Structure formats: C-alpha cells, structure tokens
Amino acid sequence: MADDSGSGFQAGRTALVVRIPEAEPVVGGWRERCDPSARAGVPAHVTVLFPFLDEGRVDASVHAALTDVLGGHPSFDLRFETCGRLPDVLYLVPGPDKHLKRLTEAVAARWPEAPPYGGRFTEIIPHLTVAQGQEDAVLAEIETDLAGGLPFTARVASVELLVHDGTRWRERASFALGADRPSGAAL
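Being a predicted model, the structure only gives us computed values, none of them experimental.

**Q** What is the right way to look at the environment of Phe9 in this model?
**A** Secondary-structure assignment places Phe9 in the segment before β1 (14–19). The exposure class of Phe9 is partly exposed, given its relative accessible area of 23%. Residues Phe9 and Leu128, 119 residues apart in the sequence, show an inter-C-alpha distance of 18 Å.

Structure below.
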C-alpha cells in the first residue's frame, strides 16, 4: 500500500491485502524505518486492492460478496527472490504474480467504483513495499541488505480487509481463499 501522498491514511479508508508473515524477519526493521504504512500498523503484505470501499459501505452484503469472490480463487504459494523499484519505492517481487493479479481483477470487476490504485495507474504490479520516499543510496543499501534474506516462500490462503481508524490500520475481517475455506464457514 504505497502512500506517497498521505491521502491513504484517512479514517474510514479500507484496503484488501495478503499478509506475508514470512517476510517480517527479512523486511520488518527496514519497513518500520522506511515505510509509513508499517508505522501505521500495516503488516508485511501485498496489496490486492487499495483503496477499497469506504468503511461505511462495507456491510454484511459486501462481506458476503467478498467471501464469494475471493473464495472462488485457490490458495497459492509465492516466492520472493528479488527486489524491484518504482519511483522512490523499493519492493520485493512476488512470483508468480498471476494469482495476485487475478484477485485484484476479480475484486475490481465486482466493485468497478474501486479501481486498483484509485485509477492512478493502469498496470497492476503486485509488490511488497519495503521502503519509500528514500534517497537512491538508501534504497541501494536496503536492497543489498535484503539479498541475505532472499529467497523465501509464502503461502497465501486468505485476504484481509484493513480499515484505517484515523490513527492506525486495523484488520476488520479475513476472507479465506477457496481451497482453505471450511464448508459453511462464517466470518
């Protein structure tokens, strides 16, 4: 959830993310220092859709629709082997990224009023942000340090709904992907 404008940290904003707890030992320290979303309570993650719907619109029917949309996708593994760059952003590259793109496309198709990246970018680039807003020399230092913790693999079995409460991002719900959703499970 790169947030270079500060506008993402508004009360009532929501995001759908895939937690990557396996990344924390590798990126946690750098994220705390160099990624505002980490300091605001967001764990290591790959964004599925941000911004999503305003919190006031996320009711039982939206939860049911998310359960259906996301439950139609199987769980999968991601491998993080390299770093990538966007302007002022250093990130870990998840591969293969086709499952992440499909999740984003499915949610955006169901809620076209919530396009990926707020419609700012047309290309979906799944990534796990490590640092943003830093000088190139700092990003290069971080990238060199991260190489010692790569590669690693992560299992993706759910998508989390995060809500910003005006101070921090908090998990509001978790939606299991198809292969990991118990029959008849309620959230």
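**Q** In this structure, what is going on with the pairing of strand β7 (residues 158–164)? I would like to understand it.
**A** By the criterion of burial, β7 is predominantly enclosed, with six of the seven residues buried. Examined bridge by bridge, β1 and β7 share four bridges and lie antiparallel to one another. Bridge pairing in β7 places Thr14 opposite Val163. As paired elements, β7 and strand β8 (residues 169–176) share seven bridges and run antiparallel to each other. By the bridge assignment for β8, Val159 is matched with Phe175. The antiparallel hairpin formed by β7 and β8 contains four residues in its connecting segment, where Gly166 sits at a positive phi of about 105 degrees.

**Q** Looking at this structure, how should I read helix α1 (residues 24–34)?
**A** Every α-helix winds through 3.6 residues per turn, so residues three or four apart in the chain are directed the same way. For α1, every residue scored as buried is listed here: Val26, Val27, Gly28, Trp30, Arg31 and Cys34. Residues of α1 that are buried make contact with α2 (36–39), β2 (45–49), β4 (89–95), β5 (128–132), α5 (136–146) and β6 (152–156).

**Q** Which parts of the structure should I look at to understand empty space enclosed by the protein?
**A** Here the idea is plain: a probe the size of a water molecule rolls over the atoms and shows the empty space left. On inspection of all chains with the given rule, the structure shows one cavity of 30 Å³ or more. The calculated volume of the largest cavity comes to roughly 80 Å³. Lining the largest cavity are 13 residues, with Thr47, Val48, Thr104, Tyr117 and Ile124 sitting closest to its centre. Here the lining of the largest cavity is composed, by residue class, of nine nonpolar, three polar and one charged.

Rules and cut-offs
- Residues numbered from 1 in each chain as written.
- Predicted model: local features only at pLDDT ≥ 70, side-chain atom pairs only at ≥ 80, totals over all residues.
- Heavy atoms only, no water.
- Helix = DSSP H or I, 4+ residues; strand = E, 2+ residues; numbered from the N terminus.
- Buried < 20%, exposed > 50% of the residue type's maximum accessible area, 1.4 Å probe, protein only.
- Pairing = 2+ DSSP bridges.
- Contact = heavy atoms within 4.5 Å.
- 1 Å grid on protein atoms, 1.4 Å probe; cavity = no way out; pocket = protein on both sides within 12 Å on 5 of 7 lines; lining within 4 Å.
- Points joined across faces, edges and corners; volume = space filled by probe spheres on them.
- Nonpolar A, V, L, I, M, F, W, Y, C, P; charged D, E, K, R; others polar.

Fair warning: the whole summary comes from geometry, so function is off the table for now.
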